[in-house]
Amino acid sequence: MRVVPVGPNLAGRRLARSVVLKDGRVLLKAGTVLTPQYIESLSRRGFQWVHIHHELLPDLALDADISEELRIRATEQVFQAAEAVARRRPLDHVGIERTAEMLLEEVRANGDVVYGLAVVRAADDDTFTHSVNVAVLSLAIGLRSGLTDRLLRRLGVGALLHDIGKALLPKEILTKPGPLTDEEREILKTHTTLGFHALREEAPSMSPLSTNVALSHHERLDGSGYPRGIRDPEIHLFSKIVAVADVWDAMVSDRPYRPGLSEVEAARTLAAGAGRLFRPELVQRLLLRVAVFPTGTYVRLSDGRAGVVTRQTPEPTQPEVTVLWDRRNRPVKPATVRVGEEGLYIDAVMDHLPSAMDGHGRL
Ligand SMILES: [Fe+2]
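As a starting point, this report considers the structure included with it. (Residues numbered from 1 in each chain as written. Predicted model: local features only at pLDDT ≥ 70, side-chain atom pairs only at ≥ 80, totals over all residues. Heavy atoms only, no water.)

1. With respect to the overall build of the protein
Alright, step 1. The helix and strand tally for the protein stands at 12 helices and nine strands.
Alright, step 2. Taken over 363 residues, the protein has a buried fraction of 53%.
Alright, step 3. Across the protein, every contact between residues at least 6 apart in sequence was considered, and the portion connecting residues at least 24 apart equals 62%.
Alright, step 4. Counting every atom, the protein has about 16,400 Å² of accessible surface; 50% of that belongs to carbon and sulfur. (Helix = DSSP H or I, 4+ residues; strand = E, 2+ residues; numbered from the N terminus. Buried < 20%, exposed > 50% of the residue type's maximum accessible area, 1.4 Å probe, protein only. Contact = heavy atoms within 4.5 Å. Areas by Shrake-Rupley, 256 points an atom, 1.4 Å probe, with all protein chains shown as cover.)

Written as structure tokens, this is what we have:
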């Protein structure tokens, strides 16, 4: 897997990606060799997973999304906006707009890159990293929907701030390590109206197209959403786009009380809601841009051999796989195959390597 749980066995392993705090500061830089002290500090701060350098395939490039620098800047901006809203102070509207513009530039420059948004986050900084992921995915969908740059920037701002109302909710509800009670769930739902009103107060010059995303990103086509229970024609396109991006990122992310779904399961769930909850063409545009089998994932192929996803192709369900083990889990000379060729398909995603594989290299 591309990410591994934080634990004492990681001492001596090298970080493949920097670990970033919720305010955007870098705790540990990519390339750092983990020591017991670093591991202790990661667990203390609530980090449950880290990206570890891949020993089997040292050249493996993880799926690129946006540059680390921009991710840090964007996370910081969302964090500051939340702080401003919590203190009922004006938020840095111009800074957020500039960030949305930079995100748009990078998403556009990445063209057909397929994203594996496996961002490592601490248990309590969910909202900020999540908001940046949602903005990136929303812009990717928006670009494929043929929106003008002006609209895309407003979509980006709306997506970055879609959950801003959570800054006004009790922290216990947001970080509760377990499912919410009915009452808590009702309180959580108010982040939509709270966010909308806060943006109107603290960023009066912001486009209503952006502020409306905070209000309506939980509305669903069939009227089963909240806060107003409006239906498809009444829901603005931006909210429909952000809804799809939001649900995807929430499904594949780890939560304090459950690990994330695999991308395959998430894709299935989203596709099942297409038409009833989400606009099918928006679901399709998202699924074209996310890696269903992210680079670094261990998979079992339909012929029994096993290996690791080493590259994405334009077809999200047919990545390139480097075969490392035969059907009896014996190491073989690495060979690259493309899923989909000669009837080959991915039979299973493996969370853990079978013990017979340990001798080949641990992960
Ligand atoms: Fe939300």
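2. Some points on the sheet that holds strand β5 (residues 298–301)
Alright, step 1. Judged by pairing direction, the sheet is antiparallel, and its five strands sit side by side in the order β8-β7-β6-β5-β9 without closing on themselves. The open sheet has two edge strands, β8 (331–338) and β9 (346–350), and neither has a second partner. Strand after strand, the sheet turns through a mean of 35 degrees between neighbouring axes, direction not considered.
Alright, step 2. One ladder, built from three bridges, connects β5 with strand β6 (residues 306–311); its direction is antiparallel. Across the sheet, Arg300 pairs through a bridge with Ala306, a residue of β6. (Pairing = 2+ DSSP bridges. Axes fitted to C-alpha atoms, helices over the stretch in contact; angles between N-to-C directions.)

3. A few points about the environment of Lys240
Alright, step 1. Locating Lys240 in the fold gives a position in helix α10 (residues 237–252).
Alright, step 2. For the pair Lys240 and Leu282, spaced 42 residues apart in sequence, the C-alpha separation works out to 7.9 Å.
Alright, step 3. Beyond its immediate sequence surroundings of up to four residues, Lys240 is in contact with Leu221, Asp232, Ile235, Arg279 and Leu282.

4. Examining the coordination of the iron ion
Alright, step 1. Surrounding the iron ion are the protein donor atoms Asp163 (OD), His191 (NE2), His217 (NE2) and His218 (NE2), at 2.2 to 2.3 Å.
Alright, step 2. Here the donor residues of the iron ion share one chain and are spaced in sequence as D-x27-H-x25-H-H. Of this pair, Asp163 sits in the loop between α5 (149–160) and α6 (171–174) while His217 sits in the loop between α9 (208–216) and α10, and the two are 54 residues apart along the sequence. Each member of the pair, Asp163 together with His217, is buried. (Donors = N, O, S within 2.8 Å, 3.2 Å for Na, K, Ca; no water.)

5. A closer look at helix α3 (residues 93–109)
Alright, step 1. For α3, with 17 residues, the first-to-last C-alpha span of 24 Å sits near the 24 Å given by 1.5 Å per residue.
Alright, step 2. Three or more residues of α3 are buried, namely His93, Gly95, Ile96, Thr99, Ala100, Leu103, Leu104 and Val107. (Expected span 1.5 Å × (residues − 1).)

6. Things to note about unusual backbone geometry
Alright, step 1. In this chain, Tyr226 is followed by Pro227 through a cis amide linkage whose omega measures 5 degrees.
Alright, step 2. As for its position among the elements, Pro227 is in the loop between α9 and α10.
Alright, step 3. Backbone geometry places Arg88, a non-glycine residue, at a positive phi of 55 degrees.
Alright, step 4. Within the fold, Arg88 resides in the loop between α2 (68–86) and α3.

7. Examining the packing of α2 against α3
Alright, step 1. Look at α2 against α3: their axes get within 10 Å of each other, and the N-to-C directions meet at 150 degrees. Looking at the two axes, α2 sits roughly antiparallel to α3. The hand of the α2/α3 crossing is left-handed. From α2, Leu70, Arg73, Ala74, Gln77, Val78 and Ala81 reach across to α3, where they touch Gly95, Ile96, Arg98, Thr99, Met102, Leu103 and Glu106.
Alright, step 2. A class-by-class count of the residues in the contact of α2 with α3 yields seven nonpolar, three polar and three charged. (Parallel < 35°, antiparallel > 145°, perpendicular 65-115°, else oblique. Left-handed = near helix turned anticlockwise from the far one by under 90°. Nonpolar A, V, L, I, M, F, W, Y, C, P; charged D, E, K, R; others polar.)

8. Digging into the side chain of Thr192
Alright, step 1. With respect to the secondary-structure elements, Thr192 resides in helix α8 (residues 191–202).
Alright, step 2. For Thr192, a relative accessible area of 0% gives the class buried.
Alright, step 3. A distance of 2.8 Å separates the side chain of Thr192 from the backbone oxygen of Lys189, its partner in a polar contact.
Alright, step 4. In contact with Thr192, other than residues within four places in its own chain, are Ala214, Leu215, His217, His218, Tyr226 and Pro227. (Polar contact = N/O pair within 3.5 Å; in protein donor to acceptor, adjacent residues only side chain to side chain.)

9. Re the environment of Leu10
Alright, step 1. The topology assignment puts Leu10 in the loop between β1 (3–5) and β2 (19–20).
Alright, step 2. Of the residues examined, Leu10 reaches a relative accessible area of 4% and is grouped as buried.

10. Notes on the nonpolar core
Alright, step 1. Within the largest apolar cluster, 58 residues are counted, with the highest numbers of intra-cluster contacts made by Leu160, Leu161, Trp248, Leu270 and Leu286.
Alright, step 2. Ranked by residues supplied to this core, first place goes to α10 with 10 residues.
Alright, step 3. Sequence-distant contacts of Trp248, defined by excluding residues within four places in its chain, comprise Leu137, Glu263, Ala266, Ala267, Leu270, Leu286, Leu287 and Val290. (Core = buried A, V, L, I, M, F, W, Y, C linked by side-chain atoms within 4.5 Å.)

11. Here's the deal with the pattern of salt bridges
Alright, step 1. Per the counting criterion, the structure on display carries 14 salt bridges.
Alright, step 2. Linking Arg185 and Asp182 is a salt bridge whose minimum nitrogen-to-oxygen distance equals 3.4 Å. Of the two residues, Arg185 and Asp182 are both situated in helix α7 (residues 182–189); the distance of three residues between them amounts to about one turn of the helix.
Alright, step 3. Judged by its relative accessible area of 57%, Asp182 falls in the exposed class.
Alright, step 4. Several salt bridges converge on common partners, so that one network encompasses Asp232, Lys240, Arg279 and Glu281. (Salt bridge = Lys/Arg side-chain N within 4 Å of Asp/Glu carboxyl O.)

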